[in-house]
Structures are given as C-alpha cells and as structure tokens.
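So you can see what is in the structure, the chains are spelled out below.
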Amino acid sequence: MNIEHNPKAVIVIFGATGDLAKRKLFPSIYRLFQNKKIGREFSVVGVGRRAWTNDFFRENVKESIESSIHAPEALEEFSSHFYYHPFDVTNPSSYLELKDVLHNLDQKYDIPGNRMFYLAMAPEFFGTIASNLKKEGLTDTQGWSRLVIEKPFGHDLPSAEQLNNEIREAFSEDQIYRIDHYLGKEMVQNIEVIRFANAIFEPLWNSRFISNIQITSSESLGVEDRGRYYEKSGALRDMVQNHLIQMVALLAMEPPIKLTTNEIRSEKVKVLRALRSISGGEVNDFFVRGQYGTGQMNGKELPGYREENNVDDISNTETYVAGKLMIDNFRWAGVPFYIRTGKRMAAKSTKIVVQFKDIPMNLYYRDGENLDPNLLVIHIQPDEGITLHLNAKKSGGGIFTQPIKMDYCNNCIDGINTPEAYEKLIYDSLCGDATNFTHWDEVALSWSFVDSISEYWQTQIADFPNYASGSMGPKAADMLLEKDGFHWWPITDIVEE
Ligand SMILES: NC(=O)C1=CN([C@@H]2O[C@H](COP(=O)(O)OP(=O)(O)OC[C@H]3O[C@@H](n4cnc5c(N)ncnc54)[C@H](OP(=O)(O)O)[C@@H]3O)[C@@H](O)[C@H]2O)C=CC1
Ligand SMILES: O=C1O[C@H](COP(=O)(O)O)[C@@H](O)[C@H](O)[C@H]1O
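Residues numbered from 1 in each chain as written. Chains lettered and ligands numbered in written order. Predicted model: local features only at pLDDT ≥ 70, side-chain atom pairs only at ≥ 80, totals over all residues. Heavy atoms only, no water.

Applied cut-off: UniProt positions are given in the numbering used here, feature names are shortened, and annotations may be inferred rather than shown by experiment.
In the nomenclature of an unreviewed UniProt entry, the chain is known as Glucose-6-phosphate 1-dehydrogenase of Metabacillus arenae. For the chain, the Catalytic activity (unreviewed entry) comment in UniProt is given as "D-glucose 6-phosphate + NADP(+) = 6-phospho-D-glucono-1,5-lactone + NADPH + H(+)". Under the Pathway (unreviewed entry) heading, UniProt states for the chain: "Carbohydrate degradation; pentose phosphate pathway; D-ribulose 5-phosphate from D-glucose 6-phosphate (oxidative stage): step 1/3."

Structure (structure tokens):
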C-alpha cells in the first residue's frame, strides 16, 4: 500500500447533478480544500445529462457549500476548479471527449495523470462506465486511476457478483473503492482504537466476560423521497447488509498483525466467514421485521410507510429489522450480537452497547438493591464518545452501591471540526488508502448472510404495519432479547423502551 498524503488528481463525478453530489460530495471536497488536505493541484469534472454550463455547475457547487457550511471562504477560487461535461454515460463516443478534457486539466493544474472516477449514479451504469473508461483509454495515464463506487452494490449475491465481474473487467480490486459511509464515521473508526489500544478492554473482549453486544442504528426520518429505491431494498439490504454487518465485523475481529488495509480486511473477512448462516426455518427465531404505520412525533401526525410516495399501498417491504447474529468462533461462541435499525423510530441515534457478564458473587446484594451490569457504550452519532457504566459506593454511611458513568465526549472537544464521513473517505481514496472501504470478499459474505433471510421473507406476507411512527419498533424485537434474558438498553436518556 503506497499512501500519498498530498494527493493531486482530477476527480470525475458521474452523477454530478444529483442529490448525493450536492449534499455530500461538494461540501466534503470543499472541506478538504479549506483544511489544505488538497492543494491547488486538483480539478473536478461533473458529468450528467443536463445541459449545464461550467458557470451554472459552479453556481450549484457554491450553493451546496453555502447551504451546509457556515461562512465559507475562497469559494470563487475553489469553484473555479470545477468543470461540467454533459453526456449520457451509455454513449461510448463521449468518453473520448472526456479524455481530452481530463488531459487539458492535467496540464492546467499540473496533475500527473491521477484520476478518481466517482460513480454517484445508479448501479446499473457502473459496468458500462467502467468498461468505457478502460476501452477509450481514460485509465491509461502516467498516474493512478481509481474507481469509487456508491452503494447499493447489487441487491443480492448474484447481482453483486455480476456487477463485480463487470467492473473487474476494467479495474483491479486494488483500484476499486466501495463506499460504506459508516466506515468513515469518526467513532466507527474509533472501535479498533478503543479495543486495541487499551489494556483494560482487550483481555475482557470475549465470551468469558461479555454477555451480549447491541448495535442500534435508528432513524427518525421516514423513507422521504426514496420510495422507489426503498421498495426494492428495505432495511435489511439498505442498512444491515452493509453498515450494521461492518460494525459487527469491527467489534468482533481479531487484532490484525499490522494496521494495513490487507491485514484489517482479512480479519474482518474471518468474522464474516464465522457468521452463523440462518436458514429459512430459523429466520423467525433470529430476526424480526417491521414496517412503520401512522404515528406522532413532536406533536406532528405522520403518515405510515404505505402512504408514502412511490410506495405500494400493500407493500411487504420492511422499514425495520432486528436480529440476533452468532459468530461461531473461539472468541465469540455463545455471545449474541443483537442489531436493530429502522426508519421513523423515536430518535436518530447509532450506538453500540457492550454488556459485560455479571460478577460471580454480589457482596453488596441487599433486598431491593441490584448491581447494574458494566456496560461500555460507544456513541457513534449524533453524540460521539464513550461511556463506561460502573457501580460505585453511595456517599455517606454504610456500604450502599449506586450506578455511575464515566463519559468521554469526542465531539465536545473537536466540536464542528469532526470530519464528515464522506470527507474522510474521499481523502482516503485520493491518498490510496482502502482500509475503510469494503473488499469484494466482505461484500460477498454479507450478501450471502442476508440473502437467506430476505428470500424467506419474500415468501411470507408480513402483518404490516406493526410499529407506530415515533416508537422504538415492533414489540417482537423486545421478545428477541427477552427470551435470552436480556433487554435493549435505551439509546438516549429520553427514549423509554
Ligand atoms: N443521495 C444519497 O444520500 C445517497 C445516494 N447513494 C447512491 O448514490 C447514487 C446516486 O444517488 P443520488 O445522487 O441520490 O441520485 P440522483 O437521482 O439524485 O442523481 C442521479 C444522477 O445520475 C445522473 N444520470 C442518470 N442517468 C444518467 C445517464 N444516462 N448519463 C449521465 N448521467 C446520468 C443524473 O444526471 P442527469 O439527471 O443530469 O442526467 C444525476 O446526476 C445512487 O446509486 C444512490 O443509491 C448512496 C448513499 C446515499
Ligand atoms: O446508507 C444509508 O444510510 C442512511 C443513514 O445514514 P446516517 O449516516 O444518517 O446514519 C439511511 O438513511 C439510508 O436509507 C441508507 O441508504
């Protein structure tokens, strides 16, 4: 792995007129520029079918930055690096013109032929774009060429394999950067550091001391304007196959022998290989699905999923998933990893709770007084930090215990400077660091895990809707833990479960 810290490149954004480019990509590239992670030697070429001019595109870029960053500076200079090249990506002849544009920009900005092709478009175009880039010689330069790909990477294992084969015709695995934006989140990246840089956690990080691990990624928003996509996806494919399984892998992996891309990925792959597969008949024992109905949030009446735009009024699509994952290896045998994610839940929050086993004998037990289990809570968002739940002596006479918390707040210190996930991932891909991107082996294993669940669900009509908007999901998700003697730990102090 050859990581370059002062990247010089032309970034080509396919889908530059779309929502992702505007909301995430332009502001992230701006922050890299503002923080001097990229210097003057860069250029961005936007591709879309709309007949925009360079000036119109630059106005759009400026608008996107102004709407997301307070008092941005040097916007004129920054946006002058942006160019727009309209064409339909299915038209092979346009790639030669793009090639000339890129060549001229190399010369203008003193860029040594480095190209980052960012595919912010629907996946059905990935293969066509990759093969045209290669065929027309756009990857044939003195510098490097990388392909950055947005999700969804297929909708099941066969479609992901087909997509992968198409792009692998033109790009090798080490040129492909598959985005999972959760891997760019500060506290997701912190999981490894918390585990492997602290003598107090690693010896306890196994089935002898941990009773269960819970990962919640709840959203308060509904499906918004993505009904068409979401109807075919659902929460299992949209969130579990990628973000939640990636967090499980980071929590469960063995310490890598070195902090290199290959070593870390290979440890994550081993976890995914040990993930117990769930056959059709077992799905109901391990997984619960839900769909939001009408409800209330902050005094506002909210529609159910089936009333949303572009959603079938008898839709069988799940907007909520809870599951129990078992990792059949030496470290984790018998420890459930509970996951849950859903739309229109009571709060927007992503949290990991590591629950330690009870001590063998409670010396402080008195009637009506119990020791709480020790918990390590990793707050991913919106708050970032860690909390350790302990028991301590109550002040005053006698030996009475009380639960206490030790808190570390990451974004209280770094505040608004905590880099956004996309900013970090774009920077990593420009630098050639693929650690926080998913390798094909990870993608394939996680699809194969979720496929057996979704195949079973497709054969069964669900009794939807089964949770109210603004709630914490269906009751059956509580039962999933209760039958093992556990319960979901609340995700915020305000949300009652
Ligand atoms: N938006 C988000 O927050 C997220 C999006 N994603 C993924 O990113 C990708 C893009 O999403 P999003 O930006 O929301 O989608 P949009 O529908 O907003 O944008 C699609 C883009 O593709 C371009 N496009 C479509 N067909 C062609 C074509 N034949 N030739 C050239 N350009 C074309 C459109 O340009 P034009 O109309 O000018 O032709 C537009 O710029 C999707 O795969 C999505 O799943 C992933 C995570 C989050
Ligand atoms: O990938 C996706 O993630 C978002 C949630 O991301 P977050 O960073 O806001 O937690 C989700 O809303 C979307 O449906 C999904 O495609």
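Picking up after the structure, the text goes on.
**Observations concerning the overall build of the chain**
This is how it is decided: The helix count covers DSSP runs of H or I at least four residues long, the strand count covers runs of E at least two residues long, and both are numbered beginning at the N terminus. Only C-alpha atoms enter the radius of gyration, while the globule expectation follows 2.2 Å times N to the 0.38, with N the number of residues. Residue contacts follow a heavy-atom distance rule, with two residues in contact if any of their heavy atoms lie within 4.5 Å. Each accessible area is a Shrake-Rupley estimate made with a 1.4 Å probe; only the visible protein chains count as cover when residues are assessed. Note on charges: Lys and Arg go in the positive column, Asp and Glu in the negative column, and His and the chain ends are not counted at all. The atoms used to mark charge sites are NZ of Lys, CZ of Arg, CG of Asp and CD of Glu.
In terms of helices and strands, the chain carries 14 helices and 17 strands. What you see for the chain is a C-alpha radius of gyration of 24 Å, in line with the 23 Å of a compact globule of 497 residues. In the chain, of all internal contacts separated by at least 6 residues, the share reaching a separation of at least 24 is 77%. Carbon and sulfur atoms provide 51% of the accessible area of the chain, an area that totals close to 22400 Å². Counting 52 positive and 69 negative side-chain charges, the chain places the centres of these two groups 2 Å from one another.

**A look at the environment of Tyr-177**
Within the element layout of this structure, Tyr-177 appears in strand β6 (residues 176-178). Expressed as a C-alpha distance, the spacing of Tyr-177 and Ser-471, which sit 294 residues apart in the sequence, is 36 Å. When near neighbours in sequence (up to four residues on either side) are disregarded, Tyr-177 contacts Arg-146, Leu-147, Val-148, Ile-149, Ser-429, Gly-432, Asp-433, Ala-434 and Phe-437.

**What to know about the site of ligand 1**
Let me state the cut-off plainly: Consider each residue's heavy atoms; a residue with any of them within 4 Å of a molecule or strand counts as near. A 3.5 Å cut-off defines polar contacts: any pair of N or O atoms within that distance qualifies, except that in protein one atom must be a possible hydrogen donor and the other a possible acceptor, and neighbouring residues in sequence count only when both atoms are side-chain atoms. In this count, Pro and Cys sit with the nonpolar residues alongside Ala, Val, Leu, Ile, Met, Phe, Trp and Tyr, while Asp, Glu, Lys and Arg are called charged and the others, Gly among them, polar.
Around ligand 1, 22 residues are found, and the nearest of them are Thr-17, Asp-19, Leu-20, Arg-23 and Arg-49. A distance of 2.6 Å is found between an oxygen atom of ligand 1 and a side-chain nitrogen or oxygen belonging to Arg-49. Taken together, the residues of the shell around ligand 1 break down into eleven nonpolar, four polar and seven charged.

**Side note on the UniProt feature "active site" (unreviewed entry) in the chain**
Mapped onto the present numbering, the UniProt feature "active site" (unreviewed entry) falls at His-243. The topology assignment puts His-243 in helix α8 (residues 227-252). Within polar-contact distance, the side chain of His-243 engages the side chain of Asp-180 at 2.7 Å.

**Regarding the side chain of Arg-265**
Counted only if it meets this: Think of it in three bands: residues with accessible area under 20% of the maximum for their type are buried, residues over 50% are exposed, and the middle band is partly exposed, with areas taken using a 1.4 Å probe on protein chains only. Salt bridges are counted wherever a side-chain nitrogen of Lys or Arg sits within 4 Å of a carboxyl oxygen of Asp or Glu.
Its location among the elements puts Arg-265 in helix α9 (residues 261-274). We note that Arg-265 is buried and unpaired, the nearest opposite charge coming from Glu-442 at a distance of 4.2 Å. Every residue in contact with Arg-265, bar those within four places of it in the chain, is listed here: Ala-434, Phe-437, Thr-438, His-439 and Glu-442.

**Some details on the nonpolar core**
Using the following cut-off: Take the buried residues of types Ala, Val, Leu, Ile, Met, Phe, Trp, Tyr and Cys, join any two whose side-chain atoms come within 4.5 Å, and each joined set is a nonpolar core.
Ranked by size, the top nonpolar core spans 108 residues in total, and within it Phe-14, Phe-287, Phe-337 and Ile-352 carry the most contacts. The element that contributes the greatest number of residues to this core is α8, accounting for 13 residues. Beyond its immediate sequence surroundings of up to four residues, Ile-352 is in contact with Ile-191, Ile-213, Gln-214, Ile-215, Met-247, Leu-251, Leu-376, Val-377, Ile-378 and Ile-380. If you look at the next biggest cluster of nonpolar residues, it comprises 38 residues, including Phe-82, Ala-120, Leu-430 and Ala-434.

**Digging into the UniProt feature "binding site: substrate" (unreviewed entry) in the chain**
Annotation from UniProt places "binding site: substrate" (unreviewed entry) at His-181, Lys-185, Glu-219, Asp-238, Lys-343 and Lys-348. Along the polypeptide, His-181 turns up in the loop between β6 and α7 (186-196). Judged by its relative accessible area of 22%, His-181 is partly exposed. Those residues within four positions of His-181 in sequence are excluded, and the remaining contacts are His-243, Ala-421, Tyr-422 and Leu-425. Residue Asp-238 is classed as buried on the basis of its relative accessible area of 3%. Setting aside chain neighbours within four positions, we find Asp-238 in contact with Lys-151, Arg-226, Tyr-229, Tyr-230, Ser-233, His-243 and Lys-343. A polar side-chain atom of Asp-238 sits 2.5 Å from a polar atom in the side chain of Tyr-229.

**Overview of the packing of helix α1 (residues 19-34) against helix α12 (residues 421-431)**
Our working definition: All axes are obtained by fitting lines to C-alpha atoms, using only the stretch in contact for helices, and the reported angles, taken between N-to-C directions, cover 0 to 180 degrees. Any angle that is under 35 degrees is reported as roughly parallel, and any over 145 degrees as roughly antiparallel; angles of 65 to 115 degrees are reported as roughly perpendicular and all others as oblique. Throughout, a crossing is termed right-handed when the near helix is turned clockwise from the far one, and left-handed when it is turned anticlockwise from it by less than a right angle.
Direction vectors running N to C along α1 and α12 enclose 65 degrees, while the axes themselves pass 8 Å from each other. Classed by the angle they form, the pair α1 and α12 counts as roughly perpendicular. By crossing handedness, the relation of α1 to α12 is classed as right-handed. Each of Leu-20, Lys-24, Leu-25, Ser-28, Ile-29, Arg-31 and Leu-32 in α1 lies in contact with α12, whose residues at this interface are Tyr-422, Glu-423, Ile-426, Tyr-427 and Leu-430. Counted by class, the contact of α1 with α12 contains eight nonpolar, one polar and three charged residues.

**Description of α9**
Under the convention used in this document: Expected span of a helix, by definition, is 1.5 Å for each gap between consecutive residues, and there is one gap fewer than residues.
With 14 residues, α9 should reach 20 Å at 1.5 Å per residue; the first-to-last C-alpha distance of 20 Å fits that figure. Every buried residue belonging to α9 is among Thr-261, Ile-264, Arg-265, Glu-267, Lys-268, Val-269, Val-271, Leu-272 and Ala-274, and all of these are buried. Its buried side turned inward, α9 meets α7, α8, β11 (320-326) and α13 (440-459).

**Side note on the site of ligand 2**
The environment of ligand 2 is made up of Lys-151, His-181, Tyr-182, Lys-185, Glu-219, Arg-226, Asp-238, Met-239, His-243, Lys-343, Lys-348 and Gln-381. Here Lys-185 contributes a side-chain N or O atom positioned 2.6 Å from an oxygen atom of ligand 2. At 2.7 Å from an oxygen atom of ligand 2 is found a side-chain nitrogen or oxygen belonging to Gln-381. In isolation ligand 2 exposes 390 Å². Once the protein is present, 82% of that is buried. Partitioning the shell around ligand 2 into residue classes produces two nonpolar, three polar and seven charged.

**Re the sheet that holds strand β14 (residues 375-381)**
Sheet strands pair via backbone hydrogen bonds, and the direction of the pair is either parallel or antiparallel. So the rule is basically this: A pair of strands is treated as paired once DSSP finds two or more bridges between them.
Taken in spatial order, the eight strands of this open sheet run β8-β11-β12-β7-β13-β14-β15-β16, and their pairing is mixed. Strands at the two margins of the open sheet, each flanked by one partner only, are β8 (287-290) and β16 (401-409). Here the strands of the sheet are splayed against their neighbours by 15 degrees on average, with no regard to which way each runs. Sheet topology note: the strand β15 (residues 385-393)/β16 ladder contains nine bridges and is antiparallel. Its bridge partner being in β16, Ala-392 is matched across the sheet by Gln-402. On the sheet, α8 packs against β7 (210-218), β8, β11, β12 (336-342) and β13 (349-356) and is oriented at approximately 145 degrees with respect to β12.

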